[in-house]
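Below, each chain spelled out in residue letters.
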Amino acid sequence: MEFDYEPGRFYHLGPDQQLLAEVTFQEASNQTFYALDHTFVDPSLRGQGIARQLVAAVVAKARAEHKQIMPLCTYAKREFEQRADYADVYYHNPKGATE
């Protein structure tokens, strides 16, 4: 699936402009990582790997910009814990998400 992009989100709209899939992320104040805070896939599209593709889009952006990702939403956290190939962009902050 192809996604549209605007600062802080990748998303996909249906023919009627209804939001069908989205991932949102915020740039940290120090600009070295993204806080990935939300994933959404419409029930009609679930089970097709779209949430995984959304997270992968943020990972690709982070790699291209030499940034890391702090996964905050439960889906993204699980993805990062299960995928060793995301280790290079997995931001671990021992102080918590206060940065």
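Let us look at the structure shown here. Since we're looking at a predicted model, the values are computed, not measured. (Residues numbered from 1 in each chain as written. Predicted model: local features only at pLDDT ≥ 70, side-chain atom pairs only at ≥ 80, totals over all residues. Heavy atoms only, no water.)

**Topic: the overall build of the chain**
Within the chain, the regular secondary structure consists of 2 helices and 5 strands. Secondary structure elements of the chain, listed N to C terminal, follow the sequence β-β-β-β-α-β-α. Relative to the compact-globule value of 13 Å for 99 residues, the chain shows a C-alpha radius of gyration of 13 Å, a close match. Along the longest, intermediate and shortest principal axes, the C-alpha atoms of the chain span 40 × 25 × 25 Å. In the chain, the proportion of contacts linking residues at least 24 apart, taken out of those at least 6 apart, comes to 42%. Roughly 5800 Å² of accessible area belongs to the chain as shown, and the carbon and sulfur atoms make up 50% of that amount. (Helix = DSSP H or I, 4+ residues; strand = E, 2+ residues; numbered from the N terminus. Rg over C-alpha atoms; globule rule 2.2 N^0.38 Å. Contact = heavy atoms within 4.5 Å. Areas by Shrake-Rupley, 256 points an atom, 1.4 Å probe, with all protein chains shown as cover.)

**A short note on the nonpolar core**
With 25 residues, the main nonpolar core has Leu36, Ile69 and Phe80 as its most contacted residues. Of all elements in the fold, only strand E3 (19-27), strand E4 (33-41), helix H1 (50-64) and helix H2 (74-82) reach the threshold of two or more residues within this core. No other element matches H1, which puts 8 residues into this core. Not counting chain neighbours up to four residues away, the residues in contact with isoleucine 69 comprise Phe33, Tyr34, Leu36, Val58, Val59, Ala62, Phe80, Val89, Tyr90 and Tyr91. (Core = buried A, V, L, I, M, F, W, Y, C linked by side-chain atoms within 4.5 Å. Buried < 20%, exposed > 50% of the residue type's maximum accessible area, 1.4 Å probe, protein only.)

**What about the pairing of strand E2 (residues 9-13)?**
Note that strand E1 (residues 4-6) and E2 share 3 bridges and pair antiparallel. Across the sheet, residue aspartate 4 finds its bridge partner in E2, namely tyrosine 11. In this structure, the hairpin formed by E1 and E2 is closed by a connection of 2 residues, where glycine 8 is found at a positive phi of approximately 90°. Judged from the 5 bridges that link them, E2 and E3 form a sheet pairing that is antiparallel. Among the inter-strand pairings, tyrosine 11 is bridged to a residue of E3, identified as glutamate 22. From the end of E2 to the start of E3, which pair antiparallel, there are 5 residues, and glutamine 17 there has a positive phi angle of about 70°. (Pairing = 2+ DSSP bridges.)

**A word on the sheet that holds E4**
Ordered by their spatial adjacency, 5 strands build an open sheet running E1-E2-E3-E4-E5, and the pairing between neighbours is mixed. At either margin of the open sheet sits one strand with a lone partner, and together these are E1 and strand E5 (68-71). The mean angle between the axes of side-by-side strands here comes to 30°, regardless of whether they run parallel or antiparallel. Relative to E5, E4 runs parallel, the two being bridged by 4 bridges. Across the sheet, leucine 36 pairs through a bridge with proline 71, a residue of E5. Running at roughly 160° to E4, H1 makes contact with E1, E2, E3, E4 and E5 of the sheet. (Axes fitted to C-alpha atoms, helices over the stretch in contact; angles between N-to-C directions.)

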